[in-house]
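Understanding the architecture of this molecule
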Amino acid sequence: MSVSTAAIDPSVCAPLPVLGQDVTVPLVTGGEVTYAALDYAASAPALQRVWDDVAAYAPYYGSVHRGAGYLSQLSTDLFENSRRTVAEFLGCRAEDQVVFTRSTTDSLNLLAAAIPANCQVFVYETEHHASLLPWRDAQVTYLNAPRTPGQAVESLERALADRDPYGPALVCVTGASNVTGELWPVKELAAAAHAHGARIVLDAAQLAPHHPVDIAELDVDWVAFSGHKLYAPFGSGVLAGRADWLQAAEPYLAGGGASRKVARRADGGVDVDWHTTAARHEAGSPNVIGVYSIASACKALTEAGFDSLVAREQELVSRVREGLAEVPEVQVLSLFGDDAPRVGVISFVVRGWNSSHFAAALSAEYGIGVRDGLFCAHPLVRTLLGSDPQDPGECGAPEAEPGERSLNAIRVSFGAGTPDEHIDRFLRAVTELVREGAQWKYRTEDGRCVPDRGEVARTV
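About the criteria used
Residues numbered from 1 in each chain as written. Predicted model: local features only at pLDDT ≥ 70, side-chain atom pairs only at ≥ 80, totals over all residues. Heavy atoms only, no water. Helix = DSSP H or I, 4+ residues; strand = E, 2+ residues; numbered from the N terminus. Rg over C-alpha atoms; globule rule 2.2 N^0.38 Å. Buried < 20%, exposed > 50% of the residue type's maximum accessible area, 1.4 Å probe, protein only. Pairing = 2+ DSSP bridges. Axes fitted to C-alpha atoms, helices over the stretch in contact; angles between N-to-C directions. Expected span 1.5 Å × (residues − 1). Contact = heavy atoms within 4.5 Å. Disulfide = S-S within 2.5 Å. Core = buried A, V, L, I, M, F, W, Y, C linked by side-chain atoms within 4.5 Å. Phe/Tyr/Trp six-rings, centres within 6.5 Å; stacked < 30°, edge-to-face > 60°. Salt bridge = Lys/Arg side-chain N within 4 Å of Asp/Glu carboxyl O. Polar contact = N/O pair within 3.5 Å; in protein donor to acceptor, adjacent residues only side chain to side chain.

Another point: the overall build of the protein chain. In terms of helices and strands, the protein chain carries 13 helices and 19 strands. By the compact-globule yardstick of 23 Å for 460 residues, the protein chain fits well, its C-alpha radius of gyration being 23 Å. With the C-alpha coordinates of the protein chain rotated into their principal frame, the extents come out at 80 × 55 × 50 Å. A buried classification covers 56% of the 460 residues belonging to the protein chain.

As summarised here, the arrangement of the four strands in space is 13-14-17-16, forming an open sheet in which the pairing is antiparallel. On the outer flanks of this sheet lie strand 13 (330–332) and strand 16 (371–373), each paired with one strand and no other. Here the average twist between neighbouring strands, direction ignored, is 30 degrees. Sheet topology note: the strand 16/strand 17 (residues 409–413) ladder contains three bridges and is antiparallel. Bridge assignment links Gly373 to a residue of strand 17, and that residue is Ala409.

Moving on to helix 2 (residues 70–89). In this model, helix 2 (20 residues) spans 28 Å end to end at C-alpha, consistent with the 28 Å of a helix rising 1.5 Å per residue. Buried within helix 2 are the following residues: Ser72, Ser75, Thr76, Leu78, Phe79, Ser82, Arg83, Thr85, Val86 and Phe89. Considering only its buried residues, helix 2 is in contact with helix 1 (48–57), strand 4 (97–101), strand 9 (222–226), strand 10 (237–241), helix 9 (288–304) and helix 10 (306–325). Downstream of helix 2 by a residue or two, Gly91 has a phi angle that is positive, lying close to 65 degrees.

Inspection of every chain in the model, using the stated rule, returns zero disulfides. Between Cys92, a free cysteine, and Cys298, which holds the nearest cysteine sulfur, the sulfur-to-sulfur gap is 10 Å.

As a further point, take the sheet that holds strand 8 (residues 199–203). The seven strands lie next to each other as 4-10-9-8-7-5-6, forming an open sheet whose pairing is mixed. Both edges of this open sheet fall to strand 4 and strand 6 (139–143), since each of them pairs with a single strand only. Strand-to-strand, the axes of this sheet are offset by a mean angle of 20 degrees, without reference to chain direction. Both strand 8 and strand 9 contribute to a ladder of three bridges, which runs parallel. In the sheet register, Asp203 faces strand 9, and the bridge partner there is Ala224. Across the sheet, helix 5 (residues 149–161) lies against strand 5 (120–124), strand 6 and strand 7 (169–174), angled at about 160 degrees from strand 5, the strand it touches most.

Not every positive phi belongs to a glycine, and Phe234 is a case in point at roughly 90 degrees. Counting through the fold element by element, Phe234 comes out in the loop between strand 9 and strand 10. One non-glycine residue, Phe375, adopts positive backbone phi at about 60 degrees. Along the chain, Phe375 falls in the loop between strand 16 and helix 12 (378–385).

Take the nonpolar core next. The biggest cluster of nonpolar side chains holds 85 residues, and the ones touching the most others in it are Leu90 and Phe225. With nine residues, helix 9 is the single largest residue contributor to this core. Filtering out sequence-adjacent residues up to four positions away, Leu90 remains in contact with Val213, Asp214, Ile215, Val223, Phe225, Val238 and Ala240. Judged by nonpolar contacts, the second largest core, of 36 residues, contains Val28, Leu316, Val330 and Tyr366.

Aromatic ring pairs are defined here through the distance separating the ring centres and the angle between the ring planes. Under the counting rule described, the total for this entry stands at 12 aromatic pairs. Measuring from centroid to centroid gives 6.0 Å for Tyr40 and Tyr231, while their planes differ by 75 degrees, and the two rings are edge-to-face. Of this pair, Tyr40 sits in the loop between strand 3 (36–37) and helix 1 while Tyr231 sits in the loop between strand 9 and strand 10; the two residues are 191 residues apart in sequence, bridging distant segments of the chain. Pairing Trp51 with Phe234 gives two aromatic rings, centres 6.0 Å apart and planes at 15 degrees, and the pair type is stacked. Of the two residues, Trp51 is situated in helix 1 and Phe234 in the loop between strand 9 and strand 10; the sequence distance between them amounts to 183 residues. Within the aromatic cluster, the residues linked to one another by ring pairs are Phe348, Trp353, Phe358 and Phe426.

Before going further, it helps to spend a moment on the pattern of salt bridges. For the coordinates displayed, the defined rule picks out 24 salt bridges. The shortest N-O distance in the salt bridge between Arg371 and Asp39 comes to 3.1 Å. One end of the pair, Arg371, is in strand 16; the other, Asp39, is in the loop between strand 3 and helix 1, and 332 residues separate them in sequence. Salt-bridge contacts for Glu80 lead to Arg83; the nearest nitrogen and oxygen are separated by 2.8 Å. One end of the pair is Glu80 and the other is Arg83, both in helix 2 and three residues apart, which spans about a single turn. Under the relative-accessibility criterion, Glu80 is labelled partly exposed at 22%.

Another point: the pairing of strand 9. Counting buried positions along strand 9 gives five out of five residues, so the element sits mostly inside the fold. The alternating pattern of strand 9 places Trp222, Ala224 and Ser226 on one face and Val223 and Phe225 on the opposite face, and all of these are buried. Taken together, the five bridges between strand 9 and strand 10 define a ladder with antiparallel strand orientation. Bridging from a neighbouring strand, Trp222 pairs with Gly241 of strand 10.

The topology assignment puts Ser293 in helix 9. Judged by its relative accessible area of 0%, Ser293 falls in the buried class. Residues contacting Ser293, with those up to four places away along its chain left out, are Val50, Val54, Ala232, Pro233 and Phe234.

Quick look at the side chain of Glu282 now. One can find Glu282 in the loop between strand 12 (270–274) and helix 9. Here the side chain of Glu282 touches Arg83 through a polar contact of 2.9 Å, side chain to side chain. Reaching out from Glu282, the side chain makes a polar contact with the backbone nitrogen of Phe100 at a distance of 2.7 Å.

Interpretation in functional terms is not warranted from these geometric data alone.
Take a look at the structure:
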């Protein structure tokens, strides 16, 4: 296979500095190599800018919203300024609220807890489990996987047309698939939802790190995303959008910070006056460091120029797809076809290989970190693999021999911090493993495929 070595257009920005770019890891075949982090879709490495900003603030850390001291006041200002930074990053409308959570999963569970009674929820089977599973107390309609963006809009319109037109309804859709990387027609789906009196929440966990997200321009009601996929560590997330359902709902968590006034009643009970601001759903001491890291990442991506970041990533996407296309044994998974726009997330299977074995060999023999499994999107991956919904398979390695076909896939993902060398090494490794086989023998241990120490498969 010939890997393209053409230089990226000089008008396109260079990779952004990230933590871990100089970390070396041992190879089972001997020696060490610089680690190639190609698992951005799970957790992206932290931007150096984010780490530096957090380190500069850390000595001034203090409690927020409660303290009279200087550090508490400074931390409160930083926390609320971070809220404004995120709102600007997302193009929030004046009346929108930005609520800080733990993750995308937490954000969508918060919204699920706030939807009105008798709300009908419409969600595609292609969603990540964070979007698929929170709606346990609602009437849920699961839509089949569409095969074109137009089909996605048409199936939603049909489903909405058949619903009770007088009750509340919510559509939940991803912006970019965490399995295929394909972009969904969010603006068209939002128009369809609103035309039928429904609201829409956008799962932007995989979209926000790769592509601008503008709530007003897309005309969505809410956006949810995670900091750890946006180059920001420390376990924070965001739910941003319309305030009315959130204000009307009981607090997601009951406790300090969510309440404005608490008083004992004459009968011995307690009366509570809850906040109507975002604080209503931010009870407890908030993750100030996590929130600030998200705001720092938002600023860093904006200042770097999202257009340039997108252009460079699309160059990398093209190189990976072209390189994989030269290996006949590789099947790239796709819903919408080869021409569908996508971000830097690509999943594939290799004929004659167990996916977990292949991923283990990439790590142990080449120092490349990818992901294998069903990517917490079990129905979608099974659909793409053409397997029966009841076939075995799970997030992680199956109990299968290295050469046995597996009902899971391999995912390579990359972004603003990915250097060219990591892509070149990945494509070279895929070609060598397919054509020459692994250098080492592997076995399944505790649900993971691992090198069998001392068991060489071939000599080089």
